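Descriptive analysis of the structure
Take a look at the letters that make up each chain.
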Amino acid sequence: MRKLILHSSPLLRYAVGVTLLLSVGCSKPVAPPAIELTALITIPDGMYRPLYPGKSEPAEVVLSGFLLEEHAVTNQQFLSFVKINPRWQRSRVRSLFADKGYLQHWVGDVELATDSELSPVTNVSWFAARAYAEWAGRRLPTLAEWEYISMASETSAYGRDEKGYNQLILNWYGKVTPPIPPAVRFRVANFFGVYDMHGLIWEWVDDFNSALVTGESRGNSALDRNLFCGSGSIGSADPSDYAAFMRFAFRSSLEAHYTTRNQGFRCAADLK
Amino acid sequence: MKYIFTLCLLTSFFSCAKAEPEVADCCAAAPEAADLSDLPDTSVYLVDSKWQDQTAAELRLNDFAGEVVVAAMIFTNCEYACPRIMIDLKEIEKKISAEELAKVRWLLISMDSARDTPEVLQAYAEKNKLDTSRWTLLHGDDFAVRGIAAALGVRYKKDAKGNFGHSNIITTLDVDGRISHQLVGLGAESSPSVAAIKAECAKN
């Protein structure tokens, strides 16, 4: 656009200028192609209790407010992304970015399985999730942000203190994953108005690779190494939170190009 | 020209009038950079990110294509592990012949976006007596750092004081940016790393 303005005639420059001004006047920016992104929920500042605070770290961390998509990115949305960005199509993706399972539940490069449009996209790598988020002008949530929102129940921001809350999550963890998960907004929204933090899929976070398990050298290594063994939850801040422990263990087993049939993602964004 | 003007006005009115759901104002195609198309599928240079070296010169990872690269991720405020990585790297350097050294680029990638500015990296290079014709120190933003760490399999975590826990990995890359060898852990027996560097030099 800048080039166009610089090199075009004064009248066209004026026309473009007026158009830009008028566009700003619209409540929603409209630009082709029209992709429907998921609505963003405003999350206020809050306190987050890391499951594995380092030795030198406080037990509670202040988390600045942010925006989070109310549901996971769907197959339909991801399809829009790969149509516009062919290098992220199944047959073309670089193996650095995704393993062979990438989008394997799709019928073809740009063809979804029947009735899967509104299901969360799965079989996506961290690189692919991050590329979508960047393309959408958003980002992946941090681990702290994701875990903070995941603690909420339907009625409170700190649902994990509620009776039966963890059991509900653990029951889901014990279930066999269907080849294609149900549509997003599977269950009622949580306290923040965010859907399906549990019960539908596992989700990528930006710093999934911050769980230190190998080659770690600093003082807290013993604690972090415990992530892989069963006694690890004893060293955590909240031994009762076995569900969070499982998520940490799962993330620590991931590499950025891995895809699994029950892992997808949702985007976040900074508060303006 | 008048038509264009009218068309623009019409378009903007039209777009205002429509009741659109939330629509991306972004979402243009982001194709792979042309000069990356010849890279093999596992080249870490495909993680196309922007960096600055210790002189604040802008560069991309693909600028190192054609050289054998020995890379490690560090942060200069590190008191324990990173000095040890430097010792390990220098031990490896000693075992490489002068002829081979001419083909090798030593890359220190800082994970500390906030503090390791080009100036700080320059000072670190001087303090450690690094020959910057063969050693390059990289500063990038959080997005760039997280991306290359993911490609190299380096795990790291920032703590409340702004320091980092991280894996200690010395990676040898071939001239196309493919991982040839990774030496994991501090003070590890370096001969496999040396052998990998020599082998990559011999190929080119």
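What counts and what doesn't
- Sequence order as written defines the numbering, with residues in each chain counted from 1.
- The naming scheme follows written order: chains are lettered A onward, ligands numbered 1 onward.
- Only residues with pLDDT of 70 or above have their local features reported here, since the model is predicted, and side-chain atom pairs are shown and tallied only from 80 upward, although totals for entire chains, interfaces and linings are computed over all residues.
- Strands are runs of DSSP state E lasting at least two residues, helices are runs of H or I lasting at least four, and both sets are numbered from the N terminus onward.
- Distance between backbone-placed C-beta atoms decides contact: two residues are in contact if it is within 7 Å.
- Put plainly, a residue is buried at 20 or more neighbouring C-beta atoms within 10 Å of its own, exposed at 12 or fewer, and partly exposed in between, counting only other residues' C-beta atoms, which are placed from the backbone.
- In this usage, the nonpolar core is the set of buried Ala, Val, Leu, Ile, Met, Phe, Trp, Tyr and Cys residues whose C-beta atoms join them within 7 Å.
- For helices, the fitted axis covers only the stretch in contact; all axes are lines through C-alpha atoms, and the angles between them, taken along N-to-C directions, range from 0 to 180 degrees.
- Small angles under 35 degrees read as roughly parallel and large ones over 145 as roughly antiparallel, with 65 to 115 read as roughly perpendicular and the rest as oblique.
- Residue polarity follows a fixed list, in which Ala, Val, Leu, Ile, Met, Phe, Trp, Tyr, Cys and Pro are nonpolar, Asp, Glu, Lys and Arg are charged, and the others, Gly among them, are polar.
- When DSSP finds at least two bridges between two strands, those strands are taken to pair.
- Each residue gets a pLDDT score, which is the predictor's confidence in that residue and runs from 0 to 100.

**Some thoughts on the overall build of chain B**
- In terms of regular secondary structure, chain B is built from 6 helices and 9 strands.
- Of the contacts formed within chain B by residues at least 6 apart in sequence, a portion of 67% connects residues at least 24 apart.

**Digging into the overall build of chain A**
- Each helix and strand in chain A was counted, giving 8 helices and 7 strands.
- Burial statistics for chain A: of 272 residues in total, 40% are counted as buried.
- Pairs at least 24 residues apart make up 72% of the contacts formed inside chain A by residues separated by at least 6 positions.

**Some words on the nonpolar core**
- Formed by 104 residues in total, the largest nonpolar core has its most connected members in Ala128(A), Tyr132(A), Val44(B) and Val70(B).
- Among the elements that line this core, the one with the most residues is helix H4 (residues 126-135) of chain A, at 8 residues.
- Judged by nonpolar contacts, the second largest core, of 6 residues, contains Ile169(A), Ala211(A), Ala243(A) and Ala244(A).

**Description of the packing of helix H6 (residues 165-173) of chain A against helix H8 (residues 242-252) of chain A**
Residue and element names in this part refer to chain A.
- At a minimum axis separation of 9 Å, H6 and H8 run at an interaxial angle of 40°. The pairing of H6 with H8 is recorded here as oblique in orientation. Across the interface between the two elements, Asn166, Ile169, Leu170 and Tyr173 from H6 touch Tyr242, Ala243 and Met246 from H8.
- Looking at the contact of H6 with H8 residue by residue, the class counts come to 6 nonpolar, 1 polar and no charged.

**Description of the sheet that holds strand S4 (residues 66-69) of chain A**
Residue and element names in this part refer to chain A.
- Reading across from one edge, S1-S4-S7 is the order of the 3 strands in this open sheet, with antiparallel pairing throughout. What marks the edges here is a single partner per strand, and that holds for strand S1 (40-43) and strand S7 (268-270). Across this sheet, the average inter-strand angle for adjacent strands is 30°, counted without regard to direction.
- Across 3 bridges, the pairing between S4 and S7 is antiparallel. Bridge pairing in S7 places Phe66 opposite Asp270.

**Structural notes on the environment of Ser95(A)**
- Assignment of secondary structure puts Ser95(A) in the loop between helix H3 (75-84) and H4.
- Put simply, Ser95(A) and Arg266(A) are 171 residues apart on the chain and 23 Å apart in space, counted from C-alpha to C-alpha.

**Some details on unusual backbone geometry**
Residue and element names in this part refer to chain A.
- Of note, Asp115 is a non-glycine position whose phi angle comes to about 60°, a positive value.
- With 10 C-beta atoms counted inside 10 Å, the residue Asp115 sits in the exposed group.
- Of note, the phi angle at Asn123 is positive, near 55°, even though the residue is not glycine.

**Quick look at the sheet that holds strand S8 (residues 169-173) of chain B**
Residue and element names in this part refer to chain B.
- Taken together, the 5 strands give an open sheet; going across it, the order is S5-S4-S3-S8-S9, and neighbouring strands pair in mixed fashion. With one partner strand each, in any of the chains shown, strand S5 (135-138) and strand S9 (179-184) form the two edges of the open sheet. The sheet shows a mean angle of 20° between the axes of neighbouring strands, taken without regard to direction.
- Examined bridge by bridge, strand S3 (residues 68-74) and strand S4 (residues 104-110) share 7 bridges and lie parallel to one another. Note on S4: the bridge partner recorded for Val69 is Arg105.
- Strands in contact with helix H2 (residues 81-94) are S3, S4 and S8; relative to S3, the strand with the most contacts, it is inclined by about 165°.

**Concerning helix H5 (residues 143-150) of chain A**
- Of all the 8 residues making up H5(A), 6 are buried; the element is thus mostly covered by neighbouring parts of the structure.
- Within H5(A) the residues assigned to the buried category are Leu143(A), Glu145(A), Trp146(A), Glu147(A), Tyr148(A) and Ile149(A).

**Considering H3(A)**
- Of all the 10 residues making up H3(A), 7 are buried; the element is thus mostly covered by neighbouring parts of the structure.
- On its buried face, H3(A) sits against H4 of chain A.

**Observations regarding the environment of Met246(A)**
- If you trace the backbone, Met246(A) turns up in helix H8.
- Put simply, Met246(A) and Leu170(A) are 76 residues apart on the chain and 9.2 Å apart in space, counted from C-alpha to C-alpha.

**Some points on the confidence of the model for chain A**
Residues and elements named next belong to chain A.
- Confidence in the prediction of chain A, expressed as mean pLDDT, is 79, and 75% of residues score 70 or more.
- Contacts from residues 1-32, a stretch scored under 50 in pLDDT, to residues over four places away or in other chains number 36 contacts.
- A low-confidence stretch, residues 213-234 stays under pLDDT 50, and its non-local contacts, those more than four residues away or across chains, total 48 contacts.

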